[in-house]
Every structure is written in C-alpha cells, then in structure tokens.
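Coordinate analysis (summary)
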Amino acid sequence: MRLYPHPKEKRDFYAPDTEPSVDFSVPILHVSGLDNYAPPRPNVVVRPASMAGTVTPKAGSGPSGTYMGSDFRNAYVPGTSLTGAGQSVGLLQFDGFYQSDITAYESQAGLPNVPITVVPVDGGISTPGSGAVEVSLDIEMVISMAPGVSHIYVYEAPNSSAYWVDLLNRMVTDNLAKQISCSWGGGARNASAETVFKELGAQGQSFFNATGDSDAFTGTIPFPSDSTNIIQVGGTTLITGSGAAYSSETVWNWGGGTGSSGGISTYYGIANYQVGVSMSANQGSTSKRNVPDVALTGDNVYVLYGNGSSETVGGTSCAAPLWAGFTALINQQAAQSGQATVGFLNPALYTIGKGANYATCFHDIITGNNFNSSSPSEFSAVAGYDLCTGWGTPNGVNLINALTGPPVFAPVVVSNSFTLTAESCPNGAIDPGEAVTVSFSLKNIGTANTTNLVATLLATGGVVSPSGPQAFGVVTTNGVVTRSFSFSASGTCGSTNTATLQLQDGTANLGKVTFSFLLGNPVIATVFSQNFDSISAPALPAG
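Residues numbered from 1 in each chain as written. Predicted model: local features only at pLDDT ≥ 70, side-chain atom pairs only at ≥ 80, totals over all residues. Heavy atoms only, no water.

Quick look at the overall build of the protein chain
Secondary structure summary: the protein chain contains nine helices and 29 strands in total. Within the protein chain, buried positions represent 53% of all 543 residues. Taking contacts inside the protein chain between residues at least 6 apart in sequence as the whole, the part at least 24 apart equals 75%. (Helix = DSSP H or I, 4+ residues; strand = E, 2+ residues; numbered from the N terminus. Buried < 20%, exposed > 50% of the residue type's maximum accessible area, 1.4 Å probe, protein only. Contact = heavy atoms within 4.5 Å.)

Okay, here's the thing in structure tokens:
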C-alpha cells in the first residue's frame, strides 16, 4: 500500500501498487476496500445564497416558498388516499442523523411521526457528520411523499467504499423494505454489488439511485449510477401554482457543473428494456446503458438537519427518496389488490414509456439541459426519453394504476400489534401451559370499510383451548380495533408460538393474520390506536 497525491482533490489517497492476488485457485468476483480514491459522496448540494430568489418560483409551503411536506403529494399525486400504509422504506447511508430534526420537520410540515429504526452495519455511525444533511433529507422526503408508511429503516455504515456490499447484503437479507433509496455515489464498478442488485429485484425490492449532481457525465460514471439493475433517478426544477399544484417542470441545472447527472455508460451495454427507445434526438446510445431512467424534483427543497440547522437544497438525492416514497404508494395499492410488490420497475416503466399511455402516466420534461463546461452541448431535454430526466416524473395515480391496475375497493385487514392483558402466573410472559388473555389489534389498510368483521382464534401454532369468535364490527379504512382472546399455550420455554386469527366479513373470507411470540419471554405491551368511534358492535355469532 502506498500514498499518492489525488489528481482532482487536495488530499492524498492510499492504494496498492500492484493488483491484489490470492494464493488459491477459487475465482474472485470482486475485491474492495483497498483504496480510498473515491469514497461515497452524497448527491445533495446546498443552494448558494446568491441564487436565492432567482432559482425557482416560490410556491411551496416551506420557508421562503421552498418545497416541503405535502407539497410533493400536491404536485405529483393530488387527491390520492394512498399514504404508503403497510409499506416500509429502506435508506442506504454513509452517515447518521438526529431524530430531533425529523420530529421537528414532521411537526412543522404537519406530518405524522413515522417509526424509524437505525440498522448499524460494520459498526454504524456513532455521531452524525457532514453528511447528516443527506440522511435527514432522505428521511424527510420519504415521509413527505408517503406519510403513512409503517416504518423507515436507515442502514448506516462508515464512509468507505469497502462497505457498499455489506450494506446491500444486509438490506437484501433483512428484506424488511420493498422500496429502497440511495443518494450516495463513488468508486469503481462493483460486480458483487451487481449480484445483490439482482437479488433485490428478484425478491420484489425496488432500488432507486440518485444519479448525481454534476450535470452530464463525460467519462466513467461513478458507481452505482450506470448500473443496469437498479432504477436511476435524475432531477427537475418544479414549477407550481396555488397550493403547490403542478404547473410544469424543466431540467434541474444551476449552472457551473451543478445539475441533474445523466449520460452514457463507458462500461455497461444497453439494457434489454432500453432497446427500441429512439436515441436520435436525445444524443443517447443504442449500444450502451443510458441514464437516468426517471426523475423527480431536485430543486428548492427545504431540509432540517444537524441538530437544528436548516437549508434550501437541490440534488438528485431529493428525487430518489421521493421515488421510494411514491413506490410505497404503488405497493400499497398492489397489496390492496392482492398483488405482489412491483420490484425492479425498469422493464415496466420502459414498456409504458414506449407505449400509447406514456403521456397520461408521465410528465414529459422537454425543456432544459444538463450542459457543463466539459459537455457544452450534451444533453438536452427532448420529447420522450432523454439523458437529463429519463422518461420524466410520475403523473399521479395514472402511473400507479398502469403499474398495478385500478384500485380494488375492498377491506384489507392486517395484524397490527398485541399485548398480554391477563395471566395465571403474573410475570409479564406467556409461559408453557399457562392460561392467558391477549388483546389482538387489527388494522384495515384497504380501500373500503368492513361490514361485520368477525375473528376466530384457531387452535394451531401452540394455541390450545382458544375462546370463541370475537366481533370487530365495522372497521373503517385505516381504522385499528382491538379485541381480547383467551387460550393456553403449549410448548417449551424459548419456542415460538403463533396465534392465527381467521377473518370473516359477512360472507367474505378475508384470510388469516398471525401474531408470533416466544414462550417464557416478556411480552412488551403496545399502545394501540383504537378507533372505537368507527365501530358498530353487532351481536356475537351464534355458538
């Protein structure tokens, strides 16, 4: 290992002076972590004070007309009842954040408090650093677009390109979030990461990547912004009318090399889904991967970060988490219709882009460019696909319906939480052989109320001698209702039992929901959101 002067930055970097090798014949897919030439960098930029008042029209609800909170939904999905309910979002990060900033943003924007879990990888982040603005921005954008998401998982690792694959592996192994956003880029192509990207798509996880904030790419594109296995996201400048209603958009470009990154990969061949896209007007390639795929706004965005600081920012790192939030809306509607999550969206998005319904599903961005001093004539926005904003930005529920079909108006009841309310041996745990009473909470995430929901606790999964059916009655959309059941638990300490409720709504069988618990382990009480005002209490079923 040696130190070398960096050719573009005022620092030294370390790297091996020979190609790494191993002493055995097993094929090696990729070696990482042996240099710090290109550490991961956030794709967010603070708007210079000199540009205030001249960059964009001031039509948002944030300070000085910046965009925040419900502005993004008002512009891109006006009138929808979808909130991302039942969905979780994962965020890939190389820095940390302060929860107080997120709570303050939610309060200022009038948004609910969304549960957030930090998942440390390779030691995680002990104290937020200079990249905290990126992490806070990503979280705030997701909550703004999908205020009803069940959970946000923030995967944090120290800032080193050595940890890219560890972060990705944890996200695919956990499989907790079906929509994932990354606003960091840096380093060489990574074959191991490409394998994980394919695994994410195969199990229904959508991965959105911010392409970058340096305008047009003119050479090697930093990892992972030319990968063919994830959705690459560019940025726009959004122009709105009263109430942040959508008016128009142009390519985000502040000049001086700061704007929506896009271009042609020097390494990856054209993806199958891009074959057949006309590249005659947009200066794209018919043989290499073109980026981005889609876009969302990346300008005039308000962020709270750094334990009480605030800024107006721009960047494709605004757009990528907004797309993850938008996909939570898509997957909520898919779940309501009994469909699987949409997963890797590019094949479907390009099919729509090349089809007759393109104009109804996307806002086509046809003005602006991402020119810079190294690329003074590439690339310009054109009708259809281009290398500034891809196919453009989502046109509300039209795109959601095109990807999932029109919404099915029906109740969808899921397990919410449970608590132990009575036991024969008071110790806060469900013990083997013990008679207990447990309150089970159900939530309706569907698009219609139940009419007469009845739940029956089944004698399976270690549940013995369950009490009779309980009427949950009319449960409204997004309503949460709790009822108590008694049973005895069989098994041994440390084993997992599963309580199963069979759901019946009038003549409609709504399937089963489950609740799992460890025998002999304390059951942590959960505070329920009981919506009794929305419940009609019919008579219990006979028998």
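Comments concerning the sheet that holds strand S27 (residues 480-489)
Strand order in the open sheet made by the four strands is S22-S23-S27-S25, with antiparallel pairing throughout. With one partner strand each, in any of the chains shown, strand S22 (413-423) and strand S25 (463-464) form the two edges of the open sheet. (Pairing = 2+ DSSP bridges.)

What about the packing of aromatic side chains?
Enumeration according to the criterion identifies 24 aromatic pairs in this entry. Between the aromatic rings of tryptophan 252 and tryptophan 254, the centroid separation amounts to 5.5 Å while the plane-to-plane angle is 80°, which identifies the pairing as edge-to-face. Judged by relative accessible area, which is 0%, tryptophan 252 ranks as buried. On the basis of relative accessible area, tryptophan 254 is assigned to the buried category, the value being 14%. Arranged with centres 5.9 Å apart and planes meeting at 40°, the rings of tyrosine 350 and tyrosine 385 form a pair that is tilted. Here tyrosine 385 lies in the loop between strand S20 (362-363) and strand S21 (393-394) and tyrosine 350 lies in helix H7 (residues 346-353), a separation of 35 residues in the sequence. When sorted by exposure, tyrosine 350 lands in the same class as tyrosine 385, which is buried. Taken together through their ring pairs, the aromatic side chains of Tyr273, Phe344, Tyr350, Tyr358, Phe362, Tyr385 and Trp391 make up a single cluster. For arginine 483, the ring lying beneath its charged end belongs to phenylalanine 472, and the centroid distance is 5.7 Å. (Phe/Tyr/Trp six-rings, centres within 6.5 Å; stacked < 30°, edge-to-face > 60°. Lys NZ or Arg CZ within 6 Å of the ring centre and 35° of its normal.)

What to know about the environment of serine 278
Relative to the assigned elements, serine 278 resides in the loop between strand S15 (258-269) and strand S16 (288-291). In sequence terms serine 278 and lysine 354 are 76 residues apart; their C-alpha atoms lie 9.3 Å from each other. At 3.1 Å, the side chain of serine 278 forms a polar contact with the side chain of serine 280. (Polar contact = N/O pair within 3.5 Å; in protein donor to acceptor, adjacent residues only side chain to side chain.)

Focus on the nonpolar core
Grouped burial of nonpolar side chains is what soluble globular proteins tend to show. Counting 75 residues, the largest nonpolar core has Ile139, Ile152, Phe326, Phe362 and Leu399 as its most contacted members. When residues in this core are grouped by element, the largest group, 10 residues, is from helix H6 (residues 316-336). Among all residues touching isoleucine 139, those that are not within four sequence positions of it are Leu91, Phe97, Ile102, Ile116, Ile152 and Val154. Counting residues in hydrophobic clusters, the runner-up holds 26 residues, among them Val413, Ala455, Val463 and Val523. (Core = buried A, V, L, I, M, F, W, Y, C linked by side-chain atoms within 4.5 Å.)

Focus on the environment of glycine 396
Position of glycine 396 among the secondary structure elements: in the loop between S21 and helix H9 (397-404). For the pair glycine 396 and threonine 360, spaced 36 residues apart in sequence, the C-alpha separation works out to 9.2 Å. Setting aside anything within four residues of it in sequence, one finds glycine 396 in contact with Tyr76, Val77 and Phe326.

Points about the sheet that holds strand S19 (residues 309-314)
With antiparallel pairing, the three strands of this open sheet are ordered in space as S4-S19-S18. Strands with a single pairing partner mark the edges of an open sheet, and in this sheet they are strand S4 (45-46) and strand S18 (301-305). As paired elements, S18 and S19 share five bridges and run antiparallel to each other. From the neighbouring strand, tyrosine 302 faces S19, where its bridge partner is threonine 312. Sheet strands in contact with helix H3 (residues 132-145) are S18 and S19, and its direction is about 120° off that of S18. (Axes fitted to C-alpha atoms, helices over the stretch in contact; angles between N-to-C directions.)

Fair warning: the whole summary comes from geometry, so function is off the table for now.
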